[in-house]
Amino acid sequence: MIPAPFEYHRPDSVDAAVRLMSSLGEGARVVAGGHSLVPMMKMRMTDISHLVDLQAIGALRGIAVDGASVRIGAMTTQHELIASEALAKAAPIIREASLQIADPQVRYMGTIGGNVANGDPGNDMPGLMQCLDATYDLAGPGGNRSVKARDFYEAAYYTARADDEILTAIRFAAKPCGYAYEKQKRKIGDYATAAAAVTIEKAGGRCTAASIAMTNLSDTPVFCEEAAAALVGSTLDQAAVGKAVAAMLGAINPTEDNRGPVEFKRHVAGVILRRAIERAASRA
Ligand SMILES: Cc1cc2nc3c(=O)[nH]c(=O)nc-3n(C[C@H](O)[C@H](O)[C@H](O)COP(=O)(O)OP(=O)(O)OC[C@H]3O[C@@H](n4cnc5c(N)ncnc54)[C@H](O)[C@@H]3O)c2cc1C
């Protein structure tokens, strides 16, 4: 299908992009890799009169690892996330999750900023960023501000970002920990039926800290604080894992669609969380 007519803009700085977004008003949208937005435009599911392309803004690209602090520019592609040895050392769960997104062609274009700003419950990065307790940096006409990934998602395609704000970077503190990104999908390249991001810290055979977030099991990613709390202090035995799975099942709210009925999704969610906890524990 062919999208409706639109005007194309290509600013070369964040300031210029913000100025354009606030002057063009409601019909303006930024485009990053275009791998979610352009299909929606072609299917005429969204009404866009001005497209503001972020590709020429060099300041939005790149990965910086400085000790424990990690900063990823919004226009960094999923391919670049996978290729970065510094990032794989600081937060290997990002490479593990990115390799499960779509296929290499999509990953060469799809950006981390587009993935987290999109608000699609099927995107893998939002849940992962909640698990890592990441912060999103936003630039808008009123200046810069930061929002925690755990506070960003309001409903499907609705986030705390105002229409004229641009997500510039994602930041988090990397900690040595066991990790796992477990995803069940119908076929290679598909969005998740259910996915789990888990990190676990251990000392003296006991879990000292844990973080869990689930993907595509509600209209937003689900940060499962209670499920993680069920693991802390335990030896990560079957009883503790069972409590964590039960707490997670109490926090999700899947709906029936072409990936299966509700009971199936709840079953899959339990299986993948159990697997993710076990793998993360074995790496802690
Ligand atoms: C066949 C296929 C399979 C896929 N499978 C998966 C999958 O399994 N898991 C997964 O997570 N993703 C999947 N994707 C999505 C893909 O990985 C991209 O991450 C996704 O398209 C978003 O990134 P993008 O750069 O393409 O964003 P775009 O499509 O350019 O933008 C998406 C939305 O975010 C907004 N946006 C983009 N960048 C910014 C910014 N810096 N500031 C503010 N708003 C911004 C846009 O206005 C738009 O509303 C798939 C895509 C395809 C085509």
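Look above for the structure.
So, here's what we can say about the structure. None of the values given here were measured: they were computed from a predicted structure.

How each quantity is defined
- Residues numbered from 1 in each chain as written.
- Predicted model: local features only at pLDDT ≥ 70, side-chain atom pairs only at ≥ 80, totals over all residues.
- Heavy atoms only, no water.
- Core = buried A, V, L, I, M, F, W, Y, C linked by side-chain atoms within 4.5 Å.
- Buried < 20%, exposed > 50% of the residue type's maximum accessible area, 1.4 Å probe, protein only.
- Helix = DSSP H or I, 4+ residues; strand = E, 2+ residues; numbered from the N terminus.
- Contact = heavy atoms within 4.5 Å.
- Near = heavy atom within 4 Å.
- Polar contact = N/O pair within 3.5 Å; in protein donor to acceptor, adjacent residues only side chain to side chain.
- Areas by Shrake-Rupley, 256 points an atom, 1.4 Å probe, with all protein chains shown as cover.
- Nonpolar A, V, L, I, M, F, W, Y, C, P; charged D, E, K, R; others polar.
- Salt bridge = Lys/Arg side-chain N within 4 Å of Asp/Glu carboxyl O.
- Expected span 1.5 Å × (residues − 1).
- Pairing = 2+ DSSP bridges.
- Axes fitted to C-alpha atoms, helices over the stretch in contact; angles between N-to-C directions.

### Remarks on the nonpolar core
Most often, soluble globular proteins keep nonpolar side chains buried together rather than apart. Among the nonpolar cores identified, the biggest contains 37 residues, and I94, V116, L128, M129, Y136, L167 and F172 are the most heavily contacted of them. Take this core: its biggest share by element is four residues, from helix α8 (residues 125-131). If sequence neighbours within four positions are ignored, M129 has contacts with I94, I112, V116, A134, Y136, A149 and I170. One finds A196, C207, A269 and I272 within the second-largest nonpolar core, a separate group that totals 30 residues.

### Examining the site of the ligand
Not every one of the 30 residues close to the ligand is listed here, only the nearest: V30, A32, Q78, T111 and D124. Separating an oxygen atom of the ligand from a side-chain N or O atom of R29 is a distance of 3.0 Å. Here a nitrogen atom of the ligand and a side-chain polar atom of D124 are 2.7 Å apart. Across the complex, the protein chains shield 92% of the 960 Å² of accessible surface that the ligand would expose by itself. Going through the elements one at a time, β2 (28-31), α7 (112-117) and β10 (166-173) are the ones with two or more residues in the shell around the ligand. Its residues assigned to classes, the shell around the ligand comprises 13 nonpolar, 12 polar and five charged.

### A few points about the pattern of salt bridges
Within this structure, the stated rule accounts for 15 salt bridges. For the salt bridge of R275 with E182, the shortest nitrogen-to-oxygen distance reads 3.6 Å. One end of the pair, R275, is in helix α12 (residues 262-283); the other, E182, is in strand β11 (residues 178-185), with 93 residues separating them in the sequence. Take R275: its relative accessible area is 45%, and that puts it in the partly exposed class. Across the pair E182 and R279 runs a salt bridge, and its minimum N-O distance is 2.4 Å. One end of the pair, E182, is in strand β11; the other, R279, is in helix α12, and 97 residues separate them in sequence. Given the relative accessible area of 26%, R279 is considered partly exposed.

### A closer look at α12
When the terminal C-alpha atoms of α12 are compared, their 32 Å separation across 22 residues agrees well with the 32 Å that a helix rising 1.5 Å per residue should span. If you check which residues of α12 are buried, you get K265, V268, A269, G270, I272, L273, A276, I277, A280 and A281. Structurally, α12 contributes buried residues whose contacts are with β11, β12 (192-203), β13 (206-215), α10 (225-231) and α11 (238-251).

### Some points on the sheet that holds β10
Strand order in this open sheet of five strands is β4-β5-β10-β6-β7, and the pairing throughout is antiparallel. Since the sheet does not close on itself, it has two edges, and those belong to β4 (63-66) and β7 (143-148), each with one partner. Going across the sheet, the axis of each strand differs from the next one's by a mean of 20 degrees, ignoring polarity. As paired strands, strand β5 (residues 69-73) and β10 are joined by five bridges and run antiparallel to one another. Bridge pairing in β10 links G73 to A169.

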